[in-house]
Amino acid sequence: MSLLVIGTVAFDAIETPFGKTDKIVGGAATFISLAASYFTSKINLVSVVGDDFPQEAIAMLQKRKVNTDGLQIKQGEKTFFWSGKYHNDMNSRDTLDTQLNVLATFDPTIPAEYQDCEFLMLGNLAPSVQHQVLDRLANRPKLVVLDTMNFWMDIALDELTSLLKRVDVLTINDEEARQLSGEYSLVKASQKILAMGPKYLIIKKGEHGALLFYNDQVFFAPALPLEEVFDPTGAGDSFAGGFIGYIAETKDISFDNMKRAVIFGSAMASFSVEKFGTERIQNLNSVEVDERVQQFIDLVQFDISLVG
Ligand code: AMP
């Protein structure tokens, strides 16, 4: 039994108040797989790149025991490219450029060895491709998690809306929750979005943490107050990777376990932002991860007696 991850494997060019990168390796599925790899070992990746994508980056994923048999390499074509610029608060950003390249014609093939997938992470990608992946699995996985973004809400809302009926958990950021629901209040937005299909909704709020909604219950996980935030790119994907990686390993899809998974996700997001691109989350060790999770526990633990 395994975790299947789909999403972009990409080149990113990032500008923050602290610096600027040329093309570096990024992509939703890259961050998700790396973050998940600290919790679970059978990770199968489905994505596509062009022949300009460096072999070392594929080797880096393999080193983290990510199976890349489902990563298509298109000869003579270019890898998906995204460029973004962060505002001074580092919580919001503008997309400067999105070049779909190989993604424009991506036809996801699921290798036979991936068919035993018990957990599915539909990372950020065209909703039509996310649909195809679900269509091409012989059995519906035990848990399907979907991540998406405003780009797809703008250009493929109908496909995204029908996809929402096929997933268990949706993770989006606060701005996207407002766009999808037309509601400013995140509580009202969550009610509307849960009525669209997913049983669970996670709203990520950058440095203000994340909210997990289920029926009329809500759980809050803070973000770790960090001395330095270098590059928020991939924080949402690293969150999703930590979340699904922990659930895939524990095989427990109860609300209580999802709360724990949200903390592990938040811990992975906090690492991701400390360096540009995937630099930080490709080289962690289990002691660092444990210490980081302990910091989250210490951050929110308090004793209190109710008065009266
Ligand atoms: P995050 O910061 O978690 O939202 O994820 C940023 C990553 O998503 C970057 O590495 C990009 O390559 C990738 N990305 C940006 N735009 C898109 C898009 N429209 N579809 C899929 N992936 C994207």
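Everything numeric here is computed off the predicted structure, so don't read it as measured data.

A. The arrangement of the sheet that holds strand E13 (residues 210–214) in detail. Here nine strands make up an open sheet; going across it, the order is E6-E5-E1-E9-E10-E11-E12-E13-E14 and the pairing mixed. Looking at strand neighbours, the two that pair on one side only are strand E6 (66–74) and strand E14 (217–221), the edges of this open sheet. Pairs of neighbouring strands in the sheet enclose a mean axial angle of 20 degrees, with direction left out of account. Both strand E1 (residues 2–6) and strand E5 (residues 43–50) contribute to a ladder of four bridges, which runs parallel. When the bridges of E5 are listed, Val5 appears paired with Leu45. Against the sheet, helix H6 (residues 174–181) touches strand E11 (169–173) and strand E12 (200–204), its axis set at about 110 degrees to E11.

B. Geometry of the environment of Ile14. Looking at the element boundaries, Ile14 is found in strand E2 (residues 10–16). Residue class for Ile14 comes out buried when judged on its relative accessible area of 2%. Sequence-wise, Ile14 and Gly277 are 263 residues apart; in three dimensions their C-alpha atoms are separated by 8.6 Å. Discounting chain neighbours no more than four positions away, the residues touching Ile14 are Gly19, Lys20, Thr21, Ile24, Trp82, Gly84, Tyr86, Asp231, Thr233 and Phe276.

C. Structural view of the side chain of Thr30. Note on placement: Thr30 falls in helix H1 (residues 28–36). Take Thr30: its relative accessible area is 1%, and that puts it in the buried class. Sequence-distant contacts of Thr30, defined by excluding residues within four places in its chain, comprise Thr8, Val9, Ala10, Val25, Leu61 and Thr278.

Cut-off values and rules
Residues numbered from 1 in each chain as written. Predicted model: local features only at pLDDT ≥ 70, side-chain atom pairs only at ≥ 80, totals over all residues. Heavy atoms only, no water. Pairing = 2+ DSSP bridges. Helix = DSSP H or I, 4+ residues; strand = E, 2+ residues; numbered from the N terminus. Axes fitted to C-alpha atoms, helices over the stretch in contact; angles between N-to-C directions. Contact = heavy atoms within 4.5 Å. Buried < 20%, exposed > 50% of the residue type's maximum accessible area, 1.4 Å probe, protein only.

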